[in-house]
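# Reading the structure
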Amino acid sequence: MQRNREPNITEVLQAQDLATSARIKVAMPAKVLSFDGKHTVTAQIMIKQNVNGQQVSYPPIPDVPVGFLRAGGFAVTVPVKVGDEGTLLFYDRCIDGFYASGKESEIMDFRLHDLSDASFLPGGITSQPNALGSVFTDGLSLQTDDASTYLRVTNGKILIKGDIEHQGNTIHNGLTTQNGAWSQTAGNSTSQGSITAQSGTFGGVNIETHTHGGVQSGDKNTGTPN
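Our subject in this report is the structure included herewith. Because the structure is predicted, anything quoted here is derived from the model rather than measured. (Residues numbered from 1 in each chain as written. Predicted model: local features only at pLDDT ≥ 70, side-chain atom pairs only at ≥ 80, totals over all residues. Heavy atoms only, no water.)

### Quick look at the overall build of the chain
Where we set the bar: By the criteria applied, helices consist of DSSP H or I runs no shorter than four residues and strands consist of E runs no shorter than two, each listed in order from the N terminus. Accessibility here uses a 1.4 Å probe with only protein chains present; expressed as a share of the type maximum, an area under 20% marks a residue as buried, one over 50% as exposed, and anything in between as partly exposed. Whether two residues are in contact is decided by their heavy atoms: any pair within 4.5 Å suffices. Residue burial considers only the protein chains on display, and all accessible areas are found by Shrake-Rupley using a 1.4 Å probe.
In terms of regular secondary structure, the chain is built from 2 helices and 14 strands. Out of the 226 residues in the chain, the part that is buried amounts to 16%. Look at the contacts in the chain between residues 6 or more apart in sequence, and 45% of them connect residues 24 or more apart. Surface summary for the chain: the accessible area is close to 18800 Å², and the carbon and sulfur share equals 52%.

### Some details on the environment of V32
Turning to its location among the elements, V32 is positioned in strand 1 (residues 27-35). The buried category is assigned to V32, whose relative accessible area is 1%. Setting aside residues no more than four positions away along its own chain, V32 makes contact with V41, T42, V80, K81, V82, G83, D84 and F120.

### Examining the pairing of strand 1
What counts is decided by this rule: Each pair of strands is called paired provided DSSP finds at least two bridges between the two strands.
Of the pairings in the sheet, the one linking strand 1 to strand 8 (residues 85-90) comprises 5 bridges and is antiparallel in character. In the sheet register, P29 faces strand 8, and the bridge partner there is T87. Note: strand 1 against strand 2 (residues 40-45), 5 bridges, orientation antiparallel. Looking across to strand 2, one finds that S34 is bridged to T42. Linkage of strand 1 to strand 2, two consecutive antiparallel strands, is achieved through a turn of 4 residues, within which G37 is found at a positive phi near 80 degrees.

### What to know about the pattern of salt bridges
Which entries qualify depends on this criterion: The salt bridge criterion pairs a side-chain nitrogen of Lys or Arg with a carboxyl oxygen of Asp or Glu, the two atoms within 4 Å.
Summed over all chains, the structure comprises 3 salt bridges. For D109, the salt bridge identified is with R111, shortest N-O distance 3.6 Å. The salt bridge partner of D117 is R111, with a shortest N-O separation of 2.7 Å. Across the pair, exposure class does not vary: D117 and R111 are buried alike. Connected through shared salt-bridge partners, D96, D109, R111 and D117 make up one network.

### Observations concerning the sheet that holds strand 5 (residues 61-65)
Applied cut-off: Only C-alpha atoms enter the line fits that serve as axes; for helices the fit covers just the stretch in contact. Angles between N-to-C directions range over 0 to 180 degrees.
The sheet built from 5 strands is open, its strands ordered 5-2-1-8-9 with antiparallel pairing. Two strands close off the open sheet at either side, each with one partner strand: strand 5 and strand 9 (118-122). The mean inter-strand angle of the sheet, taken between neighbouring strand axes irrespective of direction, is 50 degrees.

### Points about the nonpolar core
Within soluble globular proteins, side chains that are nonpolar generally end up buried alongside one another. Put simply, the test is: In plain words, nonpolar cores are sets of buried Ala, Val, Leu, Ile, Met, Phe, Trp, Tyr and Cys residues tied together by side-chain atoms within 4.5 Å.
With 16 residues, the main nonpolar core has V41, I45, I61, V64, L88, F90 and F120 as its most contacted residues. Contributions of two or more residues to this core are made by strand 1, strand 2, strand 5, strand 8 and strand 9. L88 has contacts with V26, A27, M28, A30, A43, I45, I61, V64, A118, S119 and F120, leaving out every residue within four places of it along the chain.

### What to know about the packing of aromatic side chains
Quick note on the threshold: Two aromatic rings from Phe, Tyr or Trp, using only the six-membered ring of Trp, form a pair when their centres are within 6.5 Å; if the ring planes differ by under 30 degrees the pair is stacked, by over 60 it is edge-to-face, and anything between is tilted. Distance and angle both matter: a charge sits over a ring if NZ of Lys or CZ of Arg is within 6 Å of the ring centre and within 35 degrees of the ring normal.
What the rule picks out here adds up to 0 aromatic pairs. Over the face of the ring belonging to Y150 we find R152, whose NZ or CZ atom lies 3.8 Å from the ring centre.

### Quick notes on the sheet that holds strand 10 (residues 140-143)
Strand order in the open sheet made by the 3 strands is 10-11-12, with antiparallel pairing throughout. The sheet is open, and its two edges are formed by strand 10 and strand 12 (157-161), each paired on a single side. With direction set aside, neighbouring strand axes in the sheet form an average angle of 10 degrees. Both strand 10 and strand 11 (residues 150-154) contribute to a ladder of 4 bridges, which runs antiparallel. From the neighbouring strand, L142 faces strand 11, where its bridge partner is L151.

### What about the side chain of S119?
The condition is simple: In protein, a polar contact requires one atom able to donate a hydrogen and another able to accept it; more generally it is a pair of N or O atoms within 3.5 Å, and residues adjacent in sequence count only if both atoms are side-chain atoms.
Mapped onto the elements, S119 comes out in strand 9. Of note is the side chain of S119, whose polar atom sits 3.4 Å from the side chain of Y91. Beyond its immediate chain neighbours, meaning those up to four positions away, S119 contacts V64, P65, T87, L88, L89 and Y91.

### Describing a nonpolar patch on the surface
As a reminder of what qualifies: Distance thresholds for patches are 9 Å for like charges and 5 Å for nonpolar side chains (Val, Leu, Ile, Met, Phe, Trp, Tyr), applied to residues having over 30% relative accessible area and no salt bridge.
Together, L140, L142, L151, V153, I158, I160 and I164 make up an exposed nonpolar region whose accessible area comes to about 660 Å². Looking at the nonpolar patch, the elements with two or more residues in it are strand 10, strand 11 and strand 12.

### A word on unusual backbone geometry
Positioned with a positive phi, N52 is a non-glycine residue whose angle comes to about 55 degrees. Here N52 is to be found in the loop between strand 3 (49-51) and strand 4 (54-56). In this structure, H113 takes a positive phi of about 50 degrees despite not being glycine.

This is the structure we're talking about:
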């Protein structure tokens, strides 16, 4: 009868390291189950865990802070939706004190790498079925997933596709070329230089220097400019 061999010290340490590593949570792909419209989501980890040899789903994690890009009084936000994919990052220590106060805090719980100390990064990772069809490679792109609307910054040029609604004053230095009709202006317009119609019925007519022919005194209207 063959007796079971006792593991040596190297095997014992390796098994201990493996068990320790299995308990450490660093980052996981996740999907949004709900969003509070401000700064937290309920997230579902998208990789199952091994419990006693069984593949078991992690429980949904509520009240997970969303990590928007923000600094110096500026923020970049996206409209987080149910089903959006991203990455959960798990902090080494309990973040409850800092999260509640925004200040350096004492350790409120000695848990390590815990599910409750997660933050969610939208779009930190995307599965292949939900990947973008193509990526703009000539510069920075802010765009819809289907690229039907975008703002792109390249070397020396900004490209915009989509309707623009602007509130506030505009100062433009340089030439302006308008392709298409200028539909309407609500309010007065003032020009510091000359304005000339370059085409159409009155092509070449300067608004400041043009004259009207066939003018006679009386109560009649003038003719068209020439």
